[in-house]
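# Fold and geometry: a report
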Amino acid sequence: MTRVYNFSAGPAALPEEVLSQARDEMLDWHGAGMSVMEMSHRGKEFMSIAAEAEADLRQLMAIPDNYKVLFLQGGASAQFAMVPLNLIGSTGKADYLRTGSWSKKAIAEGKRYGEVRVTADSEQDGRFTSVPAADALGLNGDAAYVHYTPNETIEGVEFPYVPDTGDIPLVADMSSTILSRPIDVSRFGIIYAGAQKNIGPAGLTIAIVRDDLIGKALETTPTMFKYDIHAAAGSMYNTPPTYGWYLAGLVFKWLQGKGGLAGMAEINQRKAKALYDAIDASDFYHNPVDPACRSWMNVPFTLADAELDATFLSQAAEAGLKTLKGHRSVGGMRASIYNAMPEAGVKALIDFMAEFERSHG
Ligand SMILES: *Cc1c(COP(=O)(O)O)cnc(C)c1O
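Residues numbered from 1 in each chain as written. Predicted model: local features only at pLDDT ≥ 70, side-chain atom pairs only at ≥ 80, totals over all residues. Heavy atoms only, no water.

## Side note on the overall build of the chain
Broken down by element type, the chain carries 9 helices and 16 strands. Here the C-alpha atoms of the chain give a radius of gyration of 21 Å, agreeing with the 21 Å that 2.2 N^0.38 yields for 361 residues. A principal-axis box enclosing the C-alpha atoms of the chain has dimensions of 60 × 55 × 30 Å. When the 361 residues of the chain are sorted by exposure, 54% land in the buried category. Residue pairs at least 24 apart in sequence account for 67% of intrachain contacts in the chain once pairs closer than 6 positions are excluded. A total accessible area of about 15,400 Å² is found for the chain, and carbon and sulfur atoms account for 51% of it. (Helix = DSSP H or I, 4+ residues; strand = E, 2+ residues; numbered from the N terminus. Rg over C-alpha atoms; globule rule 2.2 N^0.38 Å. Buried < 20%, exposed > 50% of the residue type's maximum accessible area, 1.4 Å probe, protein only. Contact = heavy atoms within 4.5 Å. Areas by Shrake-Rupley, 256 points an atom, 1.4 Å probe, with all protein chains shown as cover.)

Below, the structure is given as structure tokens:
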């Protein structure tokens, strides 16, 4: 068996230790005589898996007691609707920061449910390569909430600060940056993330919701889209994504073994710095993002000659470095280096890039 270094933006690589443990427990979980996939979500075995995963996530992120942790389906994209459906009712208005492809999608969906105002927009000449300054967010006092995307997965642009919204709840789509470093959860009203980047397999979505924001959904909100329904049922109003929940729990334990989020942050910072340093030191590779806003998780880069892209990708794949093709809207390459990408994988990529530059530059 050969495992490659998978730089996919999502679904993304999972820690090999987690996959091995899942394999070992696949047919018979802890003597239950069945796989986690086959268990009743209301049985005592799965209830214990679910409770332990939530407790571990609360410990890792230091989630205060006045927040619910919801294990949902529908992906981050469902949250683009769920957030306005549950929150916008108080004033009918919400402020959004527009910083890349994913915030654009959140804005488009939000507009279906109320008055969405784009109060800051970092698009320049059709591209997103930075974020608005902290003192230039243009926020309104009557917003029901402020929505932003801390890490724009496609453009590789990240906020180097948490917006200060005063008493107005701050909502963050953390799909591609959750668990990459410690954060102060109390700064946020809602944090949500699709699991398939930095948590576990696709199909699970985590929403961390402050208690006072629960129970305010618009009248017509579908039952499955109401935070209060899921909160009251402990995310078991209907069948939750049980296997994804279990696998996320294994990832949380793995993170605890890495020194928690502080330990993970050190590793992530080293990985990102090594890759950006290599790009910046070369005239052959280029990253267009403002250095202050460069993502730790998604590193887009172009080659001096786009004609070489296909050769780069095929030779990288032969060297065991997969899924480096950039998003079609940005072009070039993108290396996603989430928690599960080991430092050795980043080093292998940097070595390959140097060798490719020597032979083609
Ligand atoms: C991947 C991603 C999404 C979309 O997630 P789905 O779970 O596929 O809906 C949304 N926002 C960000 C920031 C992402 O990285």
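## Focus: the sheet that holds strand E4 (residues 115-121)
Strand order in the open sheet formed by 7 strands is E2-E12-E11-E10-E7-E3-E4, and the pairing between neighbours is mixed. Two strands lie at the open edges of the sheet, namely strand E2 (67-72) and E4, each paired on one side alone. Pairwise comparison of adjacent strand axes, ignoring direction, gives a mean angle of 20° for this sheet. Bridge count between strand E10 (residues 170-173) and strand E11 (residues 190-194): 3 bridges; the pairing is parallel. If you follow Asp173 over to E11, its bridge partner there is Tyr192. In the packing of helix H2 (residues 44-61) onto the sheet, contacts are made with E2 and strand E12 (205-210), and the angle to E2 comes to roughly 125°. Set on the sheet, helix H3 (residues 75-87) makes contact with E2, strand E3 (93-98), E10, E11 and E12; between it and E11 the angle comes to about 155°. (Pairing = 2+ DSSP bridges. Axes fitted to C-alpha atoms, helices over the stretch in contact; angles between N-to-C directions.)

## Quick look at unusual backbone geometry
Note the cis peptide between Gly10 and Pro11, where omega equals -10°. Located in the positive-phi region is Thr323, a residue other than glycine, with phi close to 60°. In this fold, Thr323 is placed in the loop between strand E15 (321-322) and strand E16 (333-336). Relative accessible area serves as the criterion here: at 44%, Thr323 is assigned to the partly exposed category.

## Concerning the site of the ligand
Taken together, 13 residues form the shell around the ligand, and within it Ser77, Thr153, Asp173, Gln196 and Lys197 come nearest. One nitrogen or oxygen atom from the side chain of Ser77 is found 2.6 Å from an oxygen atom belonging to the ligand. Relative to its unbound accessible surface of 390 Å², the ligand loses 87% to contact with the protein. Take the shell around the ligand: its biggest share by element is 4 residues, from H3. Considering only residue class, the shell around the ligand consists of 3 nonpolar, 8 polar and 2 charged. (Near = heavy atom within 4 Å. Polar contact = N/O pair within 3.5 Å; in protein donor to acceptor, adjacent residues only side chain to side chain. Nonpolar A, V, L, I, M, F, W, Y, C, P; charged D, E, K, R; others polar.)

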